[in-house]
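# A structural walkthrough
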Amino acid sequence: MKLGKREHHVTIRKATNYAVVINGLQILLILVVLFAVFIIPEIKASHDLLLLLTLVASLVVVWGAVVDIREAFSTRRLLKQLDAMDETIDAMSNLNITLRTQRHDFLNHLQVVYSLIEMEEYEEANEYIEKIYGRITAVSRVMKTAVPAVNALLQVKVAACEAAQVRVDLNITSKWETIENAAPAWEMCKVLSNLIDNAIDAMEEIPPRKRRLTISLTENLRHYCFSVANTGTPIPEDMQESIFQPGITSKGEGHGMGLYIVRKTLNGRGGDIALTSNAEKTEFSGYVPKLAAPQHAQE
């Protein structure tokens, strides 16, 4: 996982160094002005000199405040990215634990099946195999890309869908082998995570038997593509143009930033996202170009 070039150079140490140097200059200039006015009144510093010192001190104060604010925003953005990376790492850790557990249990399952067959309990052996088959394939079905972070995210979200009684269809026809050349894996995880969470929320008010989520990961000659479709409540037509703006949501106060962040993230990598919503399904489909695009400056 790699941070963007600009973010890579923004560190807490750098922000701290800026703060120390700038505030040191401010204190020094203020002391010079005070020294000139009060400490050595016999010199009677000229009005022009005092005005010059005051002007320089004011400029340094303003410059320092601007730099402090800029570095504060940059550091805050970096911390947000680190939080998103932490979520991805947690998902990967959970997937690793699941895989290790399955590997540990596999031999035990084989021994049970072998014993049942040896005792000619074929019907019970068949039932046992069917029972454990679902648990094994639940993990293996998400292990279809070459990106561990994406596989881990899909495993976590599939489990969340099962808890919410949502049927999940995975349509993965690309391994996304060089996705890191287009966008960091953790950024794509952030995009997919927002879209999947929104889709699950959109199906809360419909009967469980109608809840269906389709996640597609594909590619063409120029782009890595994805889509997340759900059968939940459609988005009103008058909201479809503004749904990606900050604060626009149907969930109530405190929401409305997820889709804005998704589009902003994709635009920063030269990609984009589109929405289609009707009575049958709501689908968000997006892409990032395979050739890395320059990261746009983010406020």
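Predicted model only: the values in this text are computed from it and were never measured. (Residues numbered from 1 in each chain as written. Predicted model: local features only at pLDDT ≥ 70, side-chain atom pairs only at ≥ 80, totals over all residues. Heavy atoms only, no water.)

In terms of regular secondary structure, the chain is built from seven helices and five strands. The helix and strand sequence of the chain, counted from the amino end, reads α-α-α-α-α-β-α-β-β-α-β-β. Within the chain, the proportion of its 299 residues that are buried is 36%. Within the chain, contacts between residues at least 6 apart in sequence are counted, and of these 70% link residues at least 24 apart. Working note: accessible area of the chain is about 18400 Å², and carbon and sulfur atoms make up 59% of it. (Helix = DSSP H or I, 4+ residues; strand = E, 2+ residues; numbered from the N terminus. Buried < 20%, exposed > 50% of the residue type's maximum accessible area, 1.4 Å probe, protein only. Contact = heavy atoms within 4.5 Å. Areas by Shrake-Rupley, 256 points an atom, 1.4 Å probe, with all protein chains shown as cover.)

Turning to helix H7 (residues 258-268), its buried residues are Leu259, Val262, Thr265, Leu266 and Gly268. Contact partners of the buried residues in H7: helix H6 (185-202), strand S3 (223-230), strand S4 (272-277) and strand S5 (282-289). Just beyond H7, the residue with positive phi is glycine 270, at close to 85°.

As a further point, take the environment of tyrosine 128. Mapping tyrosine 128 onto the fold places it in helix H4 (residues 122-140). In this structure tyrosine 128 comes out as buried when scored by relative accessible area, which is 18%. Along the chain, tyrosine 128 and valine 113 lie 15 residues apart, while their C-alpha atoms are 7.3 Å from each other.

A word on the pattern of salt bridges. Within the structure shown, the criterion is met by seven salt bridges. One salt bridge connects aspartate 169 with arginine 167, and the closest N-O pair in it is separated by 3.6 Å. For lysine 281, the salt bridge identified is with glutamate 283, shortest N-O distance 3.2 Å. Taking relative accessible area as the criterion, lysine 281 reaches 38% and is therefore assigned partly exposed. Among the ionic contacts, a cluster of salt bridges with common partners joins Arg167, Asp169 and Arg212. (Salt bridge = Lys/Arg side-chain N within 4 Å of Asp/Glu carboxyl O.)

The next point concerns the pairing of S4. What you see with S4 is a clean split: Ile273, Leu275 and Ser277 sit on the buried side and Asp272, Ala274 and Thr276 on the side with no burial. Linkage of S4 to S5, two consecutive antiparallel strands, is achieved through a turn of four residues. (Pairing = 2+ DSSP bridges.)

Here we come to the packing of H6 against H7. It is at 10 Å that the axes of H6 and H7 come closest, and there the two elements cross at 150°. Between H6 and H7, the angle is such that the two are roughly antiparallel. Along this stretch, H6 crosses H7, giving a crossing that reads as left-handed. For the pair H6 and H7, the contacting residues are Glu187, Met188, Lys190, Val191, Asn194, Leu195 and Asn198 in the first and Gly258, Leu259, Ile261, Val262, Thr265 and Leu266 in the second. When its residues are assigned to classes, the contact of H6 with H7 shows seven nonpolar, four polar and two charged. (Axes fitted to C-alpha atoms, helices over the stretch in contact; angles between N-to-C directions. Parallel < 35°, antiparallel > 145°, perpendicular 65-115°, else oblique. Left-handed = near helix turned anticlockwise from the far one by under 90°. Nonpolar A, V, L, I, M, F, W, Y, C, P; charged D, E, K, R; others polar.)

Our focus in this paragraph is the packing of helix H5 (residues 148-163) against H6. H6 packs onto H5 with a crossing angle of 15° between their chain directions and a minimal axis gap of 10 Å. Taken as axis vectors, H5 and H6 run roughly parallel relative to one another. Crossing geometry of H5 relative to H6 is assigned as right-handed. Side by side, H5 and H6 meet where Ala149, Val150, Leu153, Lys157, Ala160 and Cys161 of the first sit next to Ala185, Cys189, Leu192, Ser193, Ile196, Asp197 and Ile200 of the second.

Together, Glu120, Glu121, Glu123, Glu124, Glu127 and Glu130 line one region of the surface with negative charge. Along the chain, the position of glutamate 120 falls in the loop between helix H3 (47-118) and H4. (Patch = residues over 30% accessible without salt bridge, like charges linked within 9 Å, V, L, I, M, F, W, Y side chains within 5 Å. Lys, Arg positive; Asp, Glu negative; His and termini not counted. Charge placed at Lys NZ, Arg CZ, Asp CG, Glu CD.)

You will see that glutamate 120, though not glycine, has its phi angle at about 60°, which is positive. The class of glutamate 120 is exposed, set by a relative accessible area of 57%. You will see that glutamine 165, though not glycine, has its phi angle at about 60°, which is positive.

Per-chain confidence: the chain averages 76 in pLDDT, with 65% of residues scoring 70 or above. In this model, residues 1-10 is a region of pLDDT below 50 whose contacts with residues beyond four sequence positions or in other chains number 25 contacts. (pLDDT = per-residue confidence, 0-100.)

Before going further, it helps to examine the nonpolar core. With 43 residues, the main nonpolar core has Trp176, Leu195, Leu213 and Phe226 as its most contacted residues. For this core, the secondary structure elements donating two or more residues are H5, strand S1 (167-172), H6, strand S2 (212-219), S3, H7, S4 and S5. Element by element, the count of residues in this core is highest for H6, at nine residues. What tryptophan 176 contacts, discounting residues up to four positions off in sequence, is Val147, Val150, Met188, Leu192, Leu217, Thr218, Glu219, Tyr224, Cys225 and Phe226. (Core = buried A, V, L, I, M, F, W, Y, C linked by side-chain atoms within 4.5 Å.)

Here the focus is the packing of aromatic side chains. All told, the structure shown has two aromatic pairs when counted by the stated rule. Relative to tyrosine 224, the ring of tryptophan 176 has its centre 6.1 Å away and its plane inclined at 65°; by these criteria the two rings are edge-to-face. Placement of tryptophan 176 in the loop between S1 and H6 and of tyrosine 224 in strand S3 is noted, with a sequence separation of 48 residues between them. Ring centres 6.0 Å apart and planes at 90° place the aromatic pair phenylalanine 244 and phenylalanine 284 in the edge-to-face group. Taken together, the residues span a long stretch of sequence, with phenylalanine 244 in the loop between S3 and H7 and phenylalanine 284 in strand S5 at a distance of 40 residues. We note arginine 263 situated over the ring of phenylalanine 244; from NZ or CZ to the ring centre the distance is 4.1 Å. The ring of tyrosine 224 carries the charged tip of lysine 290 above its face, separated from the ring centre by 5.3 Å. (Phe/Tyr/Trp six-rings, centres within 6.5 Å; stacked < 30°, edge-to-face > 60°. Lys NZ or Arg CZ within 6 Å of the ring centre and 35° of its normal.)

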